[in-house]
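Chain by chain, the residues:
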Amino acid sequence: LWWAWLAGGTEPADLASGFVAVEENQNQSLQQPEHSGVVAAIIAVWFISLSSIIVSLILSFLLLRGYSAGRIFELKQADRLRRIGWMMVMATPLMIIGTSINYFLINRAIGSGGDRFSIGIEHVDLLMLAFGMLIVVVGHVMRTALAIAEEFENFVLVSSDDPSHS
């Protein structure tokens, strides 16, 4: 509870006031003109790290729109599903590295933490990675099922057209 030490007390009101004072100090130091480049860099890193999630959301919209139009078992839909999964898998390291870079930039700009750079992996990152891989597998299964269905359909059509099998 480092903000309790900064606030000079241990009562809940003191803790809250110390935390607010530290937050205001950090916000004021980032709003100084010399840190405008840092803020621009933070926004750029944030957009880069979110780019694969944005692509995944667009692909999800297209996938669901196709489903609502009745195009469920199509090769294009299976490929979209796989791409959504790969975007989620790709988003995981981008988010981890992007968050680490942003924390480094913020700490350096406000003068706390020095030149430390740390990478933190949270359970949400691992869940996104796992669900992304699961969606890729489901996309592969859907693609394989479509190939089997097409092969079966061709077999049935050939067999019913052949007069020797009557």
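Look up a bit, the structure's there.
Residues numbered from 1 in each chain as written. Predicted model: local features only at pLDDT ≥ 70, side-chain atom pairs only at ≥ 80, totals over all residues. Heavy atoms only, no water.

Undergrad: Please clarify how the overall build of the chain should be interpreted in this entry.
TA: When helices and strands are counted, the chain shows 5 helices and 0 strands. Helices and strands appear in the chain in the N-to-C order α-α-α-α-α. Counting the 166 residues in the chain, one finds 25% classified as buried. Contacts spanning at least 24 positions in sequence make up 69% of the contacts within the chain whose residues lie at least 6 apart. When the accessible surface of the chain is summed, it comes to about 11,500 Å², and 68% of that surface belongs to carbon and sulfur atoms. (Helix = DSSP H or I, 4+ residues; strand = E, 2+ residues; numbered from the N terminus. Buried < 20%, exposed > 50% of the residue type's maximum accessible area, 1.4 Å probe, protein only. Contact = heavy atoms within 4.5 Å. Areas by Shrake-Rupley, 256 points an atom, 1.4 Å probe, with all protein chains shown as cover.)

Undergrad: Explanation requested: the pattern of salt bridges in the structure shown.
TA: A side chain of one charge can pair with a side chain of the opposite charge when the charged atoms of the two come close. For the structure shown, the criterion picks out 3 salt bridges. Put simply, glutamate 74 and arginine 71 hold a salt bridge, and the shortest N to O gap is 4.0 Å. Glutamate 74 gets classed as partly exposed once you look at its relative accessible area, which sits at 30%. Judged by relative accessible area, arginine 71 falls into the partly exposed class, the value being 35%. Between aspartate 79 and arginine 143 there is a salt bridge, and its shortest N-O distance comes to 2.7 Å. Placement of aspartate 79 in helix H4 (residues 75-110) and of arginine 143 in helix H5 (residues 123-161) is noted, with a sequence separation of 64 residues between them. Assessed through its relative accessible area of 17%, aspartate 79 is described here as buried. (Salt bridge = Lys/Arg side-chain N within 4 Å of Asp/Glu carboxyl O.)

Undergrad: What exactly am I supposed to notice about the layout of surface pockets here?
TA: To find leftover empty space, a probe the size of one water molecule is rolled over the atoms. Volume-wise, the largest pocket comes out at about 360 Å³. If you go around the largest pocket, you meet 20 residues; those closest to its centre are Ile96, Thr99, Ser100, Tyr103 and Gly120. For the lining of the largest pocket, the elements supplying multiple residues, two or more each, are H4 and H5. Here the element with the most residues in the lining of the largest pocket is H4; it accounts for 8 residues. Looking at the lining of the largest pocket, its residues break down into 8 nonpolar, 9 polar and 3 charged. (1 Å grid on protein atoms, 1.4 Å probe; cavity = no way out; pocket = protein on both sides within 12 Å on 5 of 7 lines; lining within 4 Å. Points joined across faces, edges and corners; volume = space filled by probe spheres on them. Nonpolar A, V, L, I, M, F, W, Y, C, P; charged D, E, K, R; others polar.)

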